[in-house]
Amino acid sequence: MTIRYIPSKVFRSAVMQAPVSIMLLEGRGLVIKMLNERVMNFTGKAYEEMIGQPFFDAFPEMKAQGYDQFTEEVFRTGETVAATEVPLKFLNTAIQGEYYINILLKPQKNKQGNVNGILATANDVSELVRSRNRVAESDNKYRTIFDSMNQGLAIIEIVFDENNKPVDYIFLEVNAAFETEAGLKDVIGRRASEILGKHACFWTEKFAEVLKTGERVIITDNSTVTGKWFETNIFRLGNEENRKVAFLFTDVDERVNEEIRKQKFADELKLQVEERTKELDRSNRELLHFARIASHDLREPVRKIATFTNMMMTDPEHKLEPKTRSFLERVVVATTRLRFIIDGIRKYISLERPLQEFTKVDLNMVVNEVINSVEAMNSEKNFRVVVKPLPEVEGSYELLQQLFANLLQNSFKFNDPQKQLAIYIGSQNLVINGKEHVQIEVIDTGIGFAPEYNERIFESFMRLHPNDAYEGAGLGLALCRRIVEKHNGAITAHGSEGKGATFKILLPLKRSI
């Protein structure tokens with residue numbers, strides 16, 4: 001018997017525009033008697049390719065994929081058959097990929113109640129299934145990463161009391177490394193207070209702070225369970241209302257213990273340095289005291305030796321043989337040098353005493369006074385001195401006078417008598433670390449010295465020439481360096497044999513407190 005289907009225009013319009021695919025299939029052969037536009041859009045087939053055709057002739061791939069079992073069940077049971085998210089692949093090359101559909105097969109019956117057709121509807125749920133599969137895949141990846149991490153990771157939910165005050169937290173999820181690293185098992189669903197006791201209060205406070213601010217916090221702490229050091233990275237999950245926080249902790253026990261060992265070693269070393277510094281200060285004070293006494297007590301015996309020696313050499317009643325006179329002359333030279341050494345030691349010792357209050361010192365006045373004094377003592381020598389304008393500095397007038405006196409006397413002493421000695425004194429202002437300084441240069445054309453002595457020349461009792469070649473004790477330049485250091489400055493020397501020497505003095509214009 002042929003089904004007579006005469007729908008109204010309204011019904012037909014509704015079926016044709018329905019968002020799901022609808023077909024009317026007639027007889028056991030499932031001849032397609034009606035279909036809507038959604039079928040054509042979904043299958044990619046034209047209306048003429050499907051209308052009047054047995055369903056599985058038009059879609060042989062669906063029979064191959066087992067869809068005929070659903071239609072057979074309708075005819076066998078006479079009941080509506082429904083299936084959800086049934087996979088489907090089309091032979092049509094224009095439609096690529098796997099689809100998923102929900103199908104509803106409703107039997108159409110004749111007057112005798114026999115099934116003679118099927119009203120089939122299908123809804124494309126491919127995007128929904130794919131989206132859910134992507135989420136599941138993402139969850140699987142997350143779970144794989146979550147469980148394979150070396151760091152312990154936990155997700156917790158903060159518990160609030162009736163006054164909305166954070167009082168505890170519950171473990172929602174932990175990875176395998178959490179149990180291994182934290183030494184805690186079977187924590188999921190349990191409160192921290194029953195696991196950690198009073199120590200849970202500390203972490204509840206920290207987790208609540210992160211939940212409220214949303215700002216990540218990193219804490220390095222010693223575990224009360226394992227005794228190991230961990231670096232815990234705490235961050236909020238979602239918004240504050242979610243009440244969920246995650247924390248990732250890394251074993252830094254070896255690193256922290258190494259830092260503790262280093263700090264302990266540094267503290268012990270600092271203590272040793274302080275103790276040795278005190279001992280050194282004590283030894284220096286004793287040494288300075290000894291040197292002060294020795295230099296004072298030696299002056300008188302040396303003076304008497306020099307006096308009596310001169311008396312013996314000048315006494316007309318004593319006729320000295322040449323050999324004896326030669327011996328006495330050597331004694332005079334030795335005592336003279338010894339007096340220089342004693343005076344040098346006394347001056348060096350005096351620099352160890354605290355300086356009086358610094359005042360403004362006009363370096364032009366200092367240098368001019370020194371030049372006048374040195375010129376008077378060396379009037380028989382051929383020389384010229386050029387001095388450029390110098391600034392004012394805060395310092396000790398007497399010590400700065402001693403500084404330039406030693407440098408100029410050094411130039412006059414180590415000079416070739418066959419040549420004119422030229423001395424140049426100039427300066428330039430510099431800013432170092434935001435502070436004003438002056439760099440003074442004292443340049444001479446004397447005999448100079450080899451560059452390898454640029455630093456050693458400032459050592460105490462350092463002499464580059466035989467004792468009888470030039471007078472002095474070898475303390476002049478050592479005193480210069482000590483004076484400059486007393487003014488928070490620095491002095492360097494640059495020599496060239498036969499060409500002269502340059503001394504550079506760096507001084508702050510104002511004294512640093």
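Nothing here was measured: the structure is a model prediction, and the numbers come from that model. (Residues numbered from 1 in each chain as written. Predicted model: local features only at pLDDT ≥ 70, side-chain atom pairs only at ≥ 80, totals over all residues. Heavy atoms only, no water.)

S.K.: Before we move on, can you summarise the overall build of the protein with the specific residues and values?
M.R.: Secondary structure summary: the protein contains 15 helices and 17 strands in total. Here the analysis covers contacts within the protein between residues at least 6 apart in sequence; of these, 56% occur between residues at least 24 apart. As presented, the protein carries roughly 31400 Å² of accessible surface, and 52% of it is formed by carbon and sulfur atoms. (Helix = DSSP H or I, 4+ residues; strand = E, 2+ residues; numbered from the N terminus. Contact = heavy atoms within 4.5 Å. Areas by Shrake-Rupley, 256 points an atom, 1.4 Å probe, with all protein chains shown as cover.)

S.K.: Provide a residue-level description of the pattern of salt bridges, including the pertinent values.
M.R.: Opposite charge on two side chains lets them pair, provided their charged atoms get close. In this structure the tally under the stated criterion is 12 salt bridges. One salt bridge connects E85 with R132, and the closest N-O pair in it is separated by 2.4 Å. Here E85, found in strand β3 (residues 81–88), pairs with R132, found in helix α7 (residues 126–148); they are 47 residues apart in sequence, far enough to count as distant. E85 gets classed as partly exposed once you look at its relative accessible area, which sits at 30%. Linking E127 and R130 is a salt bridge whose minimum nitrogen-to-oxygen distance equals 3.9 Å. Of this pair, E127 and R130 both sit in helix α7, three residues apart, which is roughly one turn of that helix. On the basis of relative accessibility, which here comes to 28%, the residue R130 falls in the partly exposed class. The structure contains a network of salt bridges with shared partners spanning E127, R130 and R134. (Salt bridge = Lys/Arg side-chain N within 4 Å of Asp/Glu carboxyl O. Buried < 20%, exposed > 50% of the residue type's maximum accessible area, 1.4 Å probe, protein only.)

S.K.: Describe helix α15 (residues 476–486), naming the residues involved and giving the relevant values.
M.R.: When you tally the buried positions in α15, you get eight out of 11 residues, the bulk of the element. Among the residues making up α15, those that are buried are L477, A478, L479, C480, R482, I483, V484 and K486. Within two residues after α15, N488 carries a phi angle of roughly 60 degrees, on the positive side.

S.K.: Run through the sheet that holds strand β1 (residues 21–26), naming residues and quoting values.
M.R.: Here five strands make up an open sheet; going across it, the order is β2-β1-β5-β4-β3 and the pairing antiparallel. Looking along the sheet, the strands with just one partner apiece sit at the ends: β2 (31–35) and β3. Between one strand axis and the next, the sheet turns through 25 degrees on average, direction left out of account. Bridge count between β3 and strand β4 (residues 99–109): six bridges; the pairing is antiparallel. What sits directly across from L88, in β4, is Y99. (Pairing = 2+ DSSP bridges. Axes fitted to C-alpha atoms, helices over the stretch in contact; angles between N-to-C directions.)

S.K.: A description of the sheet that holds strand β9 (residues 229–237) should follow, citing residues and the corresponding values.
M.R.: Reading across the sheet, the five strands line up as β7-β6-β10-β9-β8 and stay open at both edges, with antiparallel pairing between neighbours. Of all the strands in the sheet, just β7 (166–174) and β8 (217–222) have a single pairing partner and so form its edges. Sheet twist, expressed as the mean angle between neighbouring strand axes with direction ignored, is 30 degrees. Examined bridge by bridge, strand β6 (residues 152–160) and strand β10 (residues 244–251) share six bridges and lie antiparallel to one another. Its bridge partner being in β10, I156 is matched across the sheet by V245.

S.K.: How would you summarise the packing of aromatic side chains if you had to cite specific residues and measurements?
M.R.: Describing an aromatic ring pair means giving the distance of the ring centres and the angle of the ring planes. Counted under the stated rule, the structure contains 18 aromatic pairs. Just above the ring of Y99 sits the side chain of R130; from NZ or CZ to the centre is 5.4 Å. (Phe/Tyr/Trp six-rings, centres within 6.5 Å; stacked < 30°, edge-to-face > 60°. Lys NZ or Arg CZ within 6 Å of the ring centre and 35° of its normal.)

S.K.: Requested: an account of a nonpolar patch on the surface, with residues and values cited.
M.R.: On the surface, F265, L269 and V273 cluster together into a nonpolar patch covering about 290 Å² of accessible area. When you line up the elements, V273 lands in helix α11 (residues 253–314). Judged by its relative accessible area of 45%, V273 falls in the partly exposed class. (Patch = residues over 30% accessible without salt bridge, like charges linked within 9 Å, V, L, I, M, F, W, Y side chains within 5 Å.)

S.K.: Describe helix α6 (residues 68–77), and please don't skip the residues or the numbers.
M.R.: Listed in full, the buried residues belonging to α6 are F70, T71, V74 and F75. Buried residues along α6 cover an arc of 135 degrees about the axis, so they all sit on one side. Trailing α6 by a residue or two, G78 shows a phi angle of about 70 degrees, which is positive. (Arc of directions from axis to C-beta.)

S.K.: How would you explain the packing of helix α14 (residues 397–413) against α15 if you had to name every residue and give the values?
M.R.: Interaxial distance between α14 and α15 falls to 9 Å at its minimum, and their mutual angle equals 150 degrees. The handedness of the crossing between α14 and α15 is left-handed. Taking contact as the criterion, the partners of L399, L400, Q402, L403, N406, L407 and N410 in α14 are, on α15, G476, L477, L479, C480, I483 and V484. Broken down by class, the residue content of the contact of α14 with α15 amounts to nine nonpolar, four polar and no charged. (Left-handed = near helix turned anticlockwise from the far one by under 90°. Nonpolar A, V, L, I, M, F, W, Y, C, P; charged D, E, K, R; others polar.)

S.K.: Residue-level account of unusual backbone geometry, with values.
M.R.: Backbone geometry at E85 places phi at a positive 50 degrees, although glycine is not the residue there. Not every positive phi belongs to a glycine, and N433 is a case in point at roughly 55 degrees. Tracing the chain through its elements places N433 in the loop between β14 (421–432) and β15 (435–444).

S.K.: How would you summarise the environment of D253 if you had to cite specific residues and measurements?
M.R.: Of note, D253 is situated in helix α11. Since its relative accessible area comes to 18%, D253 is described here as buried. Sequence-wise, D253 and S223 are 30 residues apart; in three dimensions their C-alpha atoms are separated by 10.0 Å. Those residues in contact with D253, other than ones at most four positions away along the chain, are G227, K228 and W229.

S.K.: Go over the pairing of strand β5 (residues 115–124) with me, naming the residues and quoting the values.
M.R.: Pairing between β1 and β5: six bridges, direction antiparallel. Counted as the bridge partner of L25 is I118 from β5. Bridge count between β4 and β5: nine bridges; the pairing is antiparallel. Bridged to I103 within β5 is A122. Between β4 and β5, which pair antiparallel one after the other, the connecting turn spans five residues, and G113 there sits at a positive phi close to 85 degrees.

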